[in-house]
Amino acid sequence: MKNLALFDLDHTLLPIDSDYEWGQFLVRVKAVDADEYKRRNDDFFAQYQAGVLDPVEYLEFALDTLARFERDELEAMYAQYMAEVIAPAIRPAARDLVQRHLDAGDLVAIITATNHYLTAPIARAFGVEHHIAAMPEYDAAGKLTGKLAGTPTSGPGKVTHMHAWLEGLGRPFASFERSHFYSDSHNDLPLLSVVSHPVATNPNAALAQHARANGWPLLHLFND
C-alpha cells in the first residue's frame, strides 16, 4: 500500500452529523427528556459549528446518555437509528469515493471526533476496516460507563491518534508516498495541513476560504 486515504465522517462522507442526529432520534423515540436533551444537544452543536466546543465536555455528555441504557435496549435503538437515519444518508457519491481508494489498494481509515460506539457501524457500512474515533470507557462487565477513555480525536488530536494508529500497524506516516485527507471543517486544519493531498470536501465557509487561499481542491459530494 503506497498511499494513505483518511476520511472525516460527518458532513464529509455523510450529509448529516451522525452524533447530532442520534440525539434527535433519541428525542423522537422518547428515550430521553425531549426539552432538556434537545436544548443541550443544540447548544453543543452550535459550539461545534463556531469552533469553540470543549470536546471532553461534549463527549462525556454523549457517552453518559449512552450509558443510561441497558445493552440490549441500546443495541435495539441503534439498529433502528442505522436503518432509519444512517442508511438513507449514505449517498452513492460518497460510497464511490471511498471505494475508489479501496480498489486502488490504499490504506483507508475513517477518522472522526464522534465516539466509537456510534460510528463503528457506520464505518463498516462504508466497507472501511480501519476506524479512529473517541473511545468510550467500559466497565469490567463490558457496559459503558459514560466516561471518555483516553483523549479526544478532534482538532490536533486527529494528528496524534493517526500517528499512533499507523505506528501500531508498523506503517509510519512518512512511509506513504501520498496521503489524502477529506474533510468538511476548518476544525480539521491540523490534519489537513500535514497530509500531502488535503481535499476540502463539502467545506464550510472557513475551510473553503482556507482551501482556496492554499490551492487545495474543493470537492462537493452532496449537491441537493
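The notes below deal with the structure included here. These figures come from a predicted structure and were not determined experimentally.

## Some remarks on unusual backbone geometry
In step 1: Not every positive phi belongs to a glycine, and His11 is a case in point at roughly 65 degrees.
In step 2: Structurally, His11 is set in the loop between strand E1 (3-7) and helix H1 (18-28).
In step 3: You can call His11 partly exposed: its relative accessible area is 26%.
In step 4: For Lys30, which is not glycine, the phi torsion reads 60 degrees and is therefore positive.
In step 5: Along the chain, the position of Lys30 falls in the loop between H1 and helix H2 (34-50).

## Looking at helix H6 (residues 116-125)
In step 1: Of all ten residues in H6, seven are buried, a share of seventy percent or more.
In step 2: Taken together, the buried positions of H6 are occupied by Tyr117, Leu118, Thr119, Ala120, Pro121, Ile122 and Ala123.
In step 3: In this fold, the buried residues of H6 make contact with H1, helix H3 (55-67), helix H4 (71-89), strand E2 (107-115), strand E3 (130-138) and strand E4 (144-149).
In step 4: Where H6 starts, the residue carrying a side-chain oxygen 3.1 Å from the main-chain nitrogen of Tyr117 turns out to be Asn115.
In step 5: Directly after H6, the chain includes Gly127, whose backbone phi takes a positive value near 75 degrees.

## Quick word on the packing of aromatic side chains
In step 1: All chains considered together, the criterion is met by eleven aromatic pairs.
In step 2: Taken together, a centroid distance of 5.7 Å and an interplanar angle of 25 degrees make the contact between Trp22 and Phe25 stacked. Taken together, the residues Trp22 and Phe25, both in helix H1 and three residues apart, mark about one turn of the helix.
In step 3: Take Trp22: its relative accessible area is 2%, and that puts it in the buried class.
In step 4: Given the relative accessible area of 0%, Phe25 is considered buried.
In step 5: Measuring from ring centre to ring centre gives 5.5 Å for Tyr78 and Tyr81, while their planes differ by 55 degrees; the resulting arrangement is tilted. Here Tyr78 pairs with Tyr81, and both are found in helix H4, just three residues apart, close to one helical turn.

## Regarding the pattern of salt bridges
When the charged atoms of two side chains lie near each other, side chains of opposite charge can form a pair.
In step 1: Under the defined criterion, the tally for this structure stands at six salt bridges.
In step 2: Ionic pairing is found between Asp42 and Lys38, a salt bridge with its closest N-O pair at 2.8 Å. On the criterion of helical spacing, the pair formed by Asp42 and Lys38 is a turn pair, its members being four residues apart in helix H2.
In step 3: When the shortest N-O distance is used, the salt bridge between Arg68 and Asp64 registers 3.6 Å.
In step 4: Relative accessible area serves as the criterion here: at 54%, Arg68 is assigned to the exposed category.
In step 5: Linked through salt bridges whose partners overlap, the residues forming this network are Asp8, Lys158 and Asp188.

## Structural notes on the packing of H1 against H4
In step 1: The N-to-C vectors of H1 and H4 enclose an angle of 115 degrees; their axes lie 11 Å apart at closest approach. By the angle between their directions, the pair H1 and H4 is classed as roughly perpendicular. Once H1 is placed against H4, the crossing between them reads as right-handed. Along the contact surface, H1 presents Ser18, Glu21, Trp22, Phe25, Leu26 and Arg28, while H4 presents Leu74, Met77, Tyr78, Gln80, Tyr81, Glu84, Val85 and Ile86.

## Thoughts on the sheet that holds E4
In step 1: Taken in spatial order, the seven strands of this open sheet run E4-E3-E2-E1-E5-E6-E7, and their pairing is mixed. Unpaired on one side and paired on the other, E4 and strand E7 (218-219) mark the two borders of the sheet.
In step 2: One ladder, built from five bridges, connects E1 with strand E5 (residues 178-183); its direction is parallel. Note on E5: the bridge partner recorded for Leu6 is Phe181.
In step 3: Along the sheet, H6 makes contact with E2, E3 and E4, crossing E3 at roughly 150 degrees.
In step 4: Helix H7 (residues 156-169) rests against E1, E2, E3 and E5 of the sheet, and its axis sits at about 140 degrees to E2.

So, how was this worked out
Residues numbered from 1 in each chain as written. Predicted model: local features only at pLDDT ≥ 70, side-chain atom pairs only at ≥ 80, totals over all residues. Heavy atoms only, no water. Helix = DSSP H or I, 4+ residues; strand = E, 2+ residues; numbered from the N terminus. Buried < 20%, exposed > 50% of the residue type's maximum accessible area, 1.4 Å probe, protein only. Contact = heavy atoms within 4.5 Å. Polar contact = N/O pair within 3.5 Å; in protein donor to acceptor, adjacent residues only side chain to side chain. Phe/Tyr/Trp six-rings, centres within 6.5 Å; stacked < 30°, edge-to-face > 60°. Salt bridge = Lys/Arg side-chain N within 4 Å of Asp/Glu carboxyl O. Axes fitted to C-alpha atoms, helices over the stretch in contact; angles between N-to-C directions. Parallel < 35°, antiparallel > 145°, perpendicular 65-115°, else oblique. Left-handed = near helix turned anticlockwise from the far one by under 90°. Pairing = 2+ DSSP bridges.

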